[in-house]
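Summary of the model geometry
What follows is the residue order along each chain.
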There are 2 protein chains.
Amino acid sequence: MLAFSDIQAAAARLAGVAHRTPVLTSRTLDALLGCQVLMKAENLQRMGAFKFRGGYNAVNVLSAAERARGVIAFSSGNHAQAVALAAQLHGCPAAIVMPHDAPALKVAATRGYGAEVIVYDRYKEDRAAIAARLAAERGSALIPPFDHLPVMAGQGTTALELIEDAGPLDALIVCAGGGGLLSGCAVAARHLLPDIEVFGAEPERGDDMRQSLQRGEIVTIDVPRTICDGQQTQAVGRQPFEVIRRLVRDVLTVPDPVVLDAMRFAFERMKVVLEPSGACALAALLHHRDRFAGRRVGVTLSGGNIGADRFVALLTGAERVE
Amino acid sequence: MLAFSDIQAAAARLAGVAHRTPVLTSRTLDALLGCQVLMKAENLQRMGAFKFRGGYNAVNVLSAAERARGVIAFSSGNHAQAVALAAQLHGCPAAIVMPHDAPALKVAATRGYGAEVIVYDRYKEDRAAIAARLAAERGSALIPPFDHLPVMAGQGTTALELIEDAGPLDALIVCAGGGGLLSGCAVAARHLLPDIEVFGAEPERGDDMRQSLQRGEIVTIDVPRTICDGQQTQAVGRQPFEVIRRLVRDVLTVPDPVVLDAMRFAFERMKVVLEPSGACALAALLHHRDRFAGRRVGVTLSGGNIGADRFVALLTGAERVE
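Presented here is a report on the structure given in the accompanying data block. By convention here, each chain's residues receive numbers from 1 onward along its written sequence. Chain letters and ligand numbers both follow the written order, the letters beginning at A and the numbers at 1. Only residues with pLDDT of at least 70 are given local features in this predicted model, and only at 80 or more are side-chain atom pairs given and counted; all residues enter the totals for whole chains, interfaces and linings. As a convention, hydrogens and water are excluded, and side-chain values are obtained from all of the structure's heavy atoms.

1. Some thoughts on the relation of the copies chain B and chain A
The copies were overlaid with a least-squares fit restricted to C-alpha atoms from residues scoring a pLDDT of at least 70 in each copy. You can overlay chain B on chain A at an RMSD of 0.0 Å; the transform is a turn of 180° with a shift of 0.0 Å along its axis. Here the two chains are linked by the operation of a two-fold rotation axis. Across chain B, the smallest distance between a C-alpha and the rotation axis is recorded for valine 272 of chain B, namely 2.2 Å. A share of 100% of the interface residues of chain B reappears at the interface of chain A, consistent with the copies meeting face to face through the same patch. Contact criterion: two residues are considered in contact whenever any of their non-hydrogen atoms come within 4.5 Å of each other.

Right under this line is the structure:
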């Protein structure tokens with residue numbers, strides 16, 4: 001299982017490479033909610049999301065010989081760019097398996113980091129199988145998006161820095177997809193503050209992690225229909241779940257319109273851009289505020305990779321939010 | 001004339017009260033422009049703009065007896081909120097003279113800081129006269145938005161912090177309306193780095209400062225039609241101009257569509273929100289990039305007070321940008 005020392009080692013590797021992102025506060029938000037909120041702004045991280053931490057750590061732990069044979073990842077989102085950038089920084093080749101209908105902007109960004117993009121048909125082909133076959137053919141290292149200890153350890157440095165900079169917290173709310181960030185943060189937070197309550201936050205329509213925690217076993221759901229595109233995972237990862245079942249107090253679910261409210265609040269009052277999944281933990285706090293009254297609450301703002309045009313579409317209803 | 005020691009004194013007063021805002025960098029921007037850009041994120045300042053610095057300093061330099069008689073400001077924008085918040089923090093009354101058609105959000109925000117809002121008809125009444133009469137009746141101190149040494153000194157702490165945190169710069173681009181920020185920053189920058197070139201940035205249609213600098217005397221223009229609502233001043237202030245004519249190299253003008261490009265770039269690549277005037281200096285760098293190739297350039301991101309709905313209107317063309 002993931003240990004605190006893994007996170008400390010990841011922090012040492014990331015020092016001077018990842019941004020030490022600021023902890024944002026908002027007196028308006030504190031007054032609105034009746035609690036004190038400390039927000040870790042990973043939307044200001046390199047490539048715009050916490051994923052850089054795990055991707056970099058996972059590439060860095062490889063031997064020079066392993067790196068020379070390249071790395072492979074499959075992702076349509078931030079993990080792809082994280083691994084591509086991490087590989088570029090290590091001077092090693094990267095191949096990213098992406099769906100044929102991935103946004104052109106993301107494909108371009110991934111190529112911009114020097115990675116080879118391998119396109120597959122998401123309705124006919126299995127990306128994990130494609131990536132595994134490629135890894136075997138090339139001898140490359142596969143870097144999974146969350147079910148991988150070096151990735152989890154890297155993501156855990158988010159909570160480590162937050163607590164170092166913000167001081168003691170009563171609770172921590174972390175957005176949850178496959179559980180990489182949540183598990184890493186739970187290990188860091190519970191080690192530093194044994195009494196802290198750690199919560200996951202996920203979209204109401206994609207509540208597989210809440211179900212899994214309740215049942216004590218991993219529940220798989222259909223691809224959820226939610227604006228939170230970073231959390232359309234169907235099941236929590238096995239290794240993250242081992243951590244989460246022990247260290248996480250509860251998983252809070254959030255309706256999509258509240259996620260949009262949180263994005264708007266961040267824009268108008270905090271002057272920062274959050275993508276839907278990046279706003280999910282803040283939205284969970286807005287939606288479950290009674291539970292946190294009078295407390296000192298950490299929140300991850302996990303990413304800001306949203307085009308201005310999609311932001312407009314969400315605000316105008318051109319993309320339905322329900 | 002404004003002295004560097006005034007800015008140092010303002011910095012001491014602001015310590016622990018104003019945010020020491022981060023200096024943002026973007027590798028993408030640097031690669032795009034072929035220079036190194038260090039951006040002072042005053043959109044993350046308290047109340048969302050650098051104006052808090054000058055407003056707070058101007059209230060703070062008053063004696064306790066003066067403060068007890070209250071402060072008055074006239075402004076439809078960020079200066080109003082800055083003075084209102086500064087007065088609240090000093091426990092003294094504030095009256096803000098605002099036009100009858102000021103955005104409801106701004107009126108509400110000003111009242112939210114505990115200020116009395118005095119409404120006037122912008123087509124029939126003279127706000128300066130109203131404010132002066134009120135100040136005389138009540139014995140209150142009038143705090144002008146830019147033509148006032150304590151305000152200029154407070155704004156100058158922006159460049160002081162930027163250079164302390166970012167190190168030496170070859171050039172500094174500062175958005176310019178009435179000249180409070182530009183004059184304060186010019187004094188700080190030229191004192192710390194005698195060879196630095198300081199530039200103002202203003203909307204092309206409101207180029208009164210460029211004209212004034214060229215002619216060597218203050219030029220007054222009609223209220224300019226520009227999306228940069230923080231820079232719709234008709235003339236630079238007398239005291240700021242005394243500084244600017246001596247210390248500022250040039251004033252760069254920017255078409256409104258380039259301002260919008262800069263806002264979009266900040267949103268998509270830097271994940272921060274800029275209001276049009278807050279993006280003007282960055283837009284000037286985009287528009288005049290050849291002039292800055294190979295150099296280390298400081299840029300003020302001066303404010304982020306824009307509602308999400310107006311951002312949408314600008315991006316969709318519902319508010320014309322030409």
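2. Quick word on the sheet that holds strand E3 (residues 71-74) of chain B
All names here are of chain B. Pairs of strands are assigned from DSSP output, requiring at least two bridges between the strands. Comment: elements are numbered from the N terminus, with helices defined as DSSP H or I runs of at least four residues and strands as E runs of at least two. Taken in spatial order, the four strands of this open sheet run E5-E4-E3-E6, and their pairing is parallel. Among the strands making up the open sheet, the edge pair consists of strand E5 (116-120) and strand E6 (141-142). Across two bridges, the pairing between E3 and E6 is parallel. Residue isoleucine 72 lies in a different strand from E6, and its bridge partner there is leucine 142. Note on method: axes are straight lines fitted to C-alpha atoms, helices fitted across the in-contact stretch only, with angles between N-to-C directions ranging 0 to 180 degrees. Helix H7 (residues 127-138) contacts E3, strand E4 (94-99), E5 and E6 of the sheet and is inclined by roughly 175° relative to E3.

3. Brief notes about helix H5 (residues 78-90) of chain A
Residues and elements named next belong to chain A. For a helix, the expected span equals 1.5 Å multiplied by the residue count minus one. For H5, with 13 residues, the first-to-last C-alpha span of 18 Å sits near the 18 Å given by 1.5 Å per residue. Here's how the labels work: a residue is buried when its accessible area is under 20% of the maximum for its type, exposed when over 50%, partly exposed in between, all with a 1.4 Å probe on protein chains only. Counting buried positions along H5 gives eleven out of 13 residues, so the element sits mostly inside the fold. Turning to H5, its buried residues are Asn78, His79, Ala80, Gln81, Ala82, Val83, Ala84, Leu85, Ala86, Ala87 and His90. Contacts made by the buried residues of H5 are with helix H3 (51-60), helix H4 (64-68), strand E3 (71-74), strand E4 (94-99) and helix H6 (104-112). Glycine 91 lies just past H5 and shows a positive phi near 65°.

4. Describing the side chain of histidine 90 of chain B
If you trace the backbone, histidine 90 of chain B turns up in helix H5 (residues 78-90). A polar side-chain atom of histidine 90 of chain B sits 2.8 Å from the main-chain carbonyl oxygen of alanine 86 of chain B. We call two N or O atoms a polar contact when they sit within 3.5 Å, provided that within protein one can donate a hydrogen and the other can accept it, with sequence-adjacent residues counted only if both atoms are side-chain atoms.

5. Quick word on the nonpolar core
Residues belong to one nonpolar core when they are buried, are Ala, Val, Leu, Ile, Met, Phe, Trp, Tyr or Cys, and are joined through side-chain atoms within 4.5 Å. Membership of the largest hydrophobic core comes to 166 residues, with the highest contact counts inside it found for Ile173 and Val299 of chain A together with Ile173 and Val299 of chain B. Setting aside its immediate chain neighbours within four residues, isoleucine 173 of chain A contacts Phe199, Ala201, Leu252, Ala281, Ala284, Leu285, Phe292, Val297, Gly298, Val299 and Thr300 of chain A.

6. Observations regarding the pairing of strand E10 (residues 296-301) of chain A
All names here are of chain A. Counting buried residues along E10, five of its six residues qualify, which places the element largely inside the surrounding structure. By the bridge criterion, six bridges tie strand E2 (residues 36-41) to E10 in an arrangement that is parallel. Counterpart to lysine 40 in the pairing with E10 is threonine 300. Where strand E7 (residues 171-175) lies against E10, three bridges are found, and the strand directions are parallel. Following the sheet pairing, isoleucine 173 is matched in E10 by valine 299.

7. Re the environment of histidine 288 of chain B
All names here are of chain B. Here histidine 288 lies in the loop between helix H13 (280-287) and strand E10 (296-301). Residue class for histidine 288 comes out partly exposed when judged on its relative accessible area of 22%. Discounting residues that sit within four places of it in the chain, histidine 288 has contacts with Leu252 and Thr253.

8. Re helix H1 (residues 4-14) of chain A
All names here are of chain A. When we look at burial in H1, the residues that qualify are Phe4, Ile7, Ala10 and Leu14. Buried residues of H1, viewed axially, fall in a sector of 115°; they line one side. Looking at the buried residues of H1, the elements they touch are H3, helix H8 (149-166) and helix H9 (180-192). Downstream of H1 by a residue or two, glycine 16 has a phi angle that is positive, lying close to 80°. The arc in question is the one traced by the directions running from the helix axis out to the C-beta atoms.

9. Some remarks on the packing of H3 of chain A against H5 of chain A
A pair of packed helices can be characterised by two numbers: the angle between their axes and the separation between those axes. All names here are of chain A. It is the contact of H3 with H5, at a shortest axis distance of 8 Å, that shows an interaxial angle of 45°. In terms of orientation, H3 and H5 fall into the oblique class. In terms of crossing hand, the pair formed by H3 and H5 is right-handed. Contacts between H3 and H5 pair Lys51, Phe52, Gly55, Tyr56, Val59 and Asn60 from the former with Asn78, His79, Ala82, Val83, Leu85, Ala86, Ala87, Leu89 and His90 from the latter. Throughout, the ten residues Ala, Val, Leu, Ile, Met, Phe, Trp, Tyr, Cys and Pro are labelled nonpolar, Asp, Glu, Lys and Arg are labelled charged, and all others, Gly among them, are labelled polar. Of the residues contributing to the contact of H3 with H5, the split by class is nine nonpolar, five polar and one charged. Oblique is the label for every angle not falling under 35 degrees (roughly parallel), over 145 degrees (roughly antiparallel), or within 65 to 115 degrees (roughly perpendicular). By convention, the crossing between two helices is left-handed when the near helix turns anticlockwise from the far helix through less than a right angle, and right-handed when the turn is clockwise.

10. Examining the packing of H1 of chain A against H8 of chain A
Residue and element names in this part refer to chain A. Contact geometry of H1 with H8 gives a least axis separation of 8 Å together with a crossing angle of 85°. Judged by the inter-axis angle, H1 sits roughly perpendicular to H8. Here H1 contributes Phe4, Asp6, Ile7, Ala10, Ala11 and Leu14 to the contact with H8, which in turn contributes Ala153, Gly154, Gly156, Thr157 and Leu160. In the contact of H1 with H8, the residues fall into seven nonpolar, three polar and one charged.

11. A word on the environment of glutamate 242 of chain A
Residues and elements named next belong to chain A. The topology assignment puts glutamate 242 in helix H11 (residues 238-247). A residue is classified by how much of its surface remains accessible, and glutamate 242, at 27% relative accessible area, is partly exposed. Along the sequence, glutamate 242 and isoleucine 218 sit 24 residues apart, while their C-alpha atoms lie 9.9 Å from each other. A distance of 3.3 Å separates the side chain of glutamate 242 from the side chain of arginine 245, its partner in a polar contact.

12. A short note on the interface of chain B and chain A
How big an interface is tends to be expressed through the accessible area that disappears when the partners come together. At the junction of the two partners, chain B supplies 23 residues and chain A supplies 23 residues. Contact with chain A buries surface across chain B, with Phe267, Lys271 and Ala308 of chain B losing the most and accounting together for 30% of the total. The term salt bridge refers to a pairing of a side-chain nitrogen on Lys or Arg with a carboxyl oxygen on Asp or Glu at a separation within 4 Å. In this assembly, chain B and chain A are joined by two salt bridges. Between arginine 264 of chain B and aspartate 309 of chain A there is a salt bridge, and its shortest N-O distance comes to 3.1 Å. Elements with a contribution of two residues or more to the side of chain B that touches chain A: helix H12 (256-270) and helix H14 (308-316) of chain B. A total of six residues in the side of chain B that touches chain A trace back to one element, the largest contributor, which is H14 of chain B. For the side of chain B that touches chain A, a count of residues per class yields ten nonpolar, seven polar and six charged. Buried area: the accessible surface (1.4 Å probe) lost by two parts on joining, summed over both.

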